[in-house]
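Residue strings, one per chain:
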Amino acid sequence: MKVLEVRFHPHSKKGGAPVTIARVICYPETTIVEPVAVTSRRLQPFDTDALMSKLAFLIESSKPHPFEGLTTLRSDFWSFSDVTEEARSGGG
């Protein structure tokens, strides 16, 4: 099992703070998305449901190796950080 923290950058990576919107848990045979509660104000002008749909698309596009595919994705609006050790130690 590997765990990624999904961060969305509403103003691109060039400005503004990223917003954590989910965790993606990658098992050998499946991937689970755990959304994080976020106030819509922090994501303006973006829609939370639309972002989750886009995340699902990114995960599907990165199969059969979503962990590797997401962590190497080049995007101004998305970043994926490995938090596997933190998740295993109960820190998240």
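Before reading on, note that the structure itself is shown above.
Below is a short write-up of the structure. (Residues numbered from 1 in each chain as written. Predicted model: local features only at pLDDT ≥ 70, side-chain atom pairs only at ≥ 80, totals over all residues. Heavy atoms only, no water.)

### A word on the pairing of strand S2 (residues 19-26)
Within S2, seven of the eight residues are buried, which leaves it mostly tucked inside the rest of the structure. Note: S2 against strand S3 (residues 31-35), five bridges, orientation antiparallel. When the sheet's bridge partners are listed, Arg23 is paired in S3 with Glu34. In textbook terms, the turn of a hairpin is the stretch between consecutive antiparallel strands, and for S2 and S3 this stretch comprises four residues. (Buried < 20%, exposed > 50% of the residue type's maximum accessible area, 1.4 Å probe, protein only. Helix = DSSP H or I, 4+ residues; strand = E, 2+ residues; numbered from the N terminus. Pairing = 2+ DSSP bridges.)

### Quick look at the pairing of strand S4 (residues 78-82)
Two faces, one strand: in a regular strand the side chains alternate between the faces of the sheet. Counting buried residues in S4 gives four out of five residues, a clear majority hidden from the surface. Note that strand S1 (residues 2-8) and S4 share five bridges and pair antiparallel. By the bridge assignment for S4, Leu4 is matched with Asp82.

### Some details on the environment of Phe46
With respect to the helices and strands, Phe46 occurs in the loop between helix H1 (40-43) and helix H2 (48-61). In this structure, the C-alpha to C-alpha distance between Phe46 and Pro10, residues 36 residues apart in sequence, is 7.4 Å. Setting aside chain neighbours within four positions, we find Phe46 in contact with Phe8, Pro10, Leu51 and Phe77. (Contact = heavy atoms within 4.5 Å.)

### Structural notes on the pattern of salt bridges
Under the criterion given, the structure shown has four salt bridges. With its nearest N and O atoms 3.8 Å apart, the salt bridge here joins Glu68 to Lys2. Here Lys2 lies in strand S1 and Glu68 lies in helix H3 (residues 66-71), a separation of 66 residues in the sequence. Glu68 sits in the partly exposed class, given a relative accessible area of 39%. One salt bridge connects Lys63 with Glu60, and the closest N-O pair in it is separated by 3.2 Å. (Salt bridge = Lys/Arg side-chain N within 4 Å of Asp/Glu carboxyl O.)

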